[in-house]
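A closer look at the structure
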Amino acid sequence: VLDELEGVVKAVVSTQSTGNKVDTKRPEDLSQEDKDLLEQTFKKDANVLIIPMSTLTKEGVSEVQNTACDALLAHRIEQKMAGNKVESVMNRLHVAVPKASQEIRQPHIPEGVLARRAAGYTKPDTIRKLERDMELEMGDDYILDLKKHYDLPNPDDKYDDIPEVWEGHNIADFVDPDIVSKLEELEKEEAMLEEAGVYESEDENLTEQQIEIREKAGLIRKEKAVIRHKHRLNKHRNRTPMSERVIRKKQGIKRARSISAVSTDVPMEVDSKFHSKKQRPGRDVSGLRDEKQVKVVRKMKKKSQIKMNQFGRAGEADRHIAAKLPKHLFSGKRGAGKTDRR
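Everything numeric here is computed off the predicted structure, so don't read it as measured data. (Residues numbered from 1 in each chain as written. Predicted model: local features only at pLDDT ≥ 70, side-chain atom pairs only at ≥ 80, totals over all residues. Heavy atoms only, no water.)

With that settled, the discussion passes to the overall build of the protein chain. In terms of regular secondary structure, the protein chain is built from 11 helices and 4 strands. Residues classed as buried in the protein chain amount to 6% of the 342 residues present. For the protein chain, the proportion of contacts with a sequence separation of at least 24, taken over those separated by at least 6, is 39%. With an accessible surface of roughly 33,400 Å², the protein chain has 54% of that area assigned to carbon and sulfur atoms. (Helix = DSSP H or I, 4+ residues; strand = E, 2+ residues; numbered from the N terminus. Buried < 20%, exposed > 50% of the residue type's maximum accessible area, 1.4 Å probe, protein only. Contact = heavy atoms within 4.5 Å. Areas by Shrake-Rupley, 256 points an atom, 1.4 Å probe, with all protein chains shown as cover.)

Together, Leu73, Ile77 and Met81 make up an exposed nonpolar region whose accessible area comes to about 300 Å². Turning to its location among the elements, isoleucine 77 is positioned in helix α3 (residues 61–82). (Patch = residues over 30% accessible without salt bridge, like charges linked within 9 Å, V, L, I, M, F, W, Y side chains within 5 Å. Salt bridge = Lys/Arg side-chain N within 4 Å of Asp/Glu carboxyl O.)

Residues Arg221, Lys224, Arg228, Arg232 and Lys235 make up a contiguous surface patch of positive charge. Summarising the element assignment, arginine 221 is placed in helix α8 (residues 208–233). Owing to a relative accessible area of 58%, arginine 221 belongs among the exposed residues under this scheme. (Lys, Arg positive; Asp, Glu negative; His and termini not counted. Charge placed at Lys NZ, Arg CZ, Asp CG, Glu CD.)

The geometry of two aromatic rings is summed up by the distance between their centres and the angle between their planes. Counting across every chain of the model gives 0 aromatic pairs. Between the NZ or CZ atom of arginine 116 and the centre of the ring of tyrosine 121, over which it lies, the distance is 5.3 Å. (Phe/Tyr/Trp six-rings, centres within 6.5 Å; stacked < 30°, edge-to-face > 60°. Lys NZ or Arg CZ within 6 Å of the ring centre and 35° of its normal.)

For any part of a model where pLDDT is low, the fine detail of the predicted coordinates should not be relied upon. The predicted model of the protein chain averages 78 in pLDDT, with 82% of residues at 70 or higher. Across the protein chain, helix α6 (residues 131–138) holds the top mean pLDDT of 91, while helix α1 (residues 2–15) sits lowest at 46. Here residues 1–15 scores under 50 on pLDDT; set against residues more than four positions off or in separate chains, the count is 8 contacts. (pLDDT = per-residue confidence, 0-100.)

Our focus in this paragraph is the side chain of lysine 158. Tracing the backbone shows lysine 158 in the loop between α6 and β3 (165–166). For the buried lysine 158, which has no salt bridge, the nearest side chain bearing the opposite charge is aspartate 151, at an N-O separation of 7.3 Å.

Within the structure shown, the criterion is met by 7 salt bridges. The closest approach of N and O atoms between lysine 129 and glutamate 137, which form a salt bridge, is 3.3 Å. Taking the relative accessible area as the measure of exposure, lysine 129 reaches 46% and is therefore partly exposed. One salt bridge in this structure joins arginine 132 and glutamate 135, with 3.4 Å as the shortest N-O distance.

Judged by side-chain charge, Glu184, Glu185, Glu187, Glu189, Glu190, Glu194 and Glu195 come together as a negatively charged surface patch. Looking at the element boundaries, glutamate 194 is found in helix α7 (residues 179–196).

Moving on to the side chain of serine 54. Residue position: serine 54 is located in the loop between β2 (49–52) and α3. Judged by relative accessible area, serine 54 falls into the buried class, the value being 1%. Separated by 2.9 Å, the side chains of serine 54 and aspartate 23 make a polar contact. Those residues in contact with serine 54, other than ones at most four positions away along the chain, are Asn20, Lys21, Val22, Asp23, Glu59 and Val61. (Polar contact = N/O pair within 3.5 Å; in protein donor to acceptor, adjacent residues only side chain to side chain.)

The following block contains the structure:
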């Protein structure tokens, strides 16, 4: 920012000059000798401008700023135009300037408005009174009435209490003045169809399309039944898998029960092999080949524990209980600004 500001100042100094302190003495009030000296000084360069200003009264400051910014912008544009990238950019730019139309366009007035004007229609002086105006006139006695604008054949029906919903059904769905006559015609038609035996011989007089639809429906039902059966078979996969030992134990119990159910003389005993618990190796000996390796590992474990036992240091399995009442938090008086950390 400072570099750019310095460039702005340099551009201003090279293109214009400011006559400061015009609040003390303006250029018009100078003597003829001083005026001639100024003209001779700045006559050498035609691009130099003299702008009177005052930092005390802020006169001409904005004009100097605007002139400096315009000069800096023009300088930047010249630098960019002198570069090599201008040609590639200018080929892709197109400034469209619309042509000014010589045609005088008249205002558009709808035909309905022109017809009413020709018929001598004039806007009524009376303005419709709004609900807000009525509320201001009546004050506390005003009541909002939305039913008075209902457009009904009988104006006396505006304030009838009609429920919107009755027994879970929308009343508007059943509003039909000819519903009774339509129901009677429908009942007569159904009675005539029953007497003609249309419903009895429905299965015999099926078309090929109806038969095809029924066959497809049967296939769909069969496929749904297969999907349901597969789902029942895969239900056990959502449960926690049982270990092989538990499965063998359950199989032994079922086998003993089946034997006892066949013969009452055979006592209900389960083979010992189904109840025998196969002891798994401990974690300290898992992964070792033989007893010799187990002895070596245990000896190394004891040796690594000697120094820790000598110095009474806490090991990995020891519990660490921190001080429940830290001394630096529970000693001395509490001053202002300390209660939020106690």
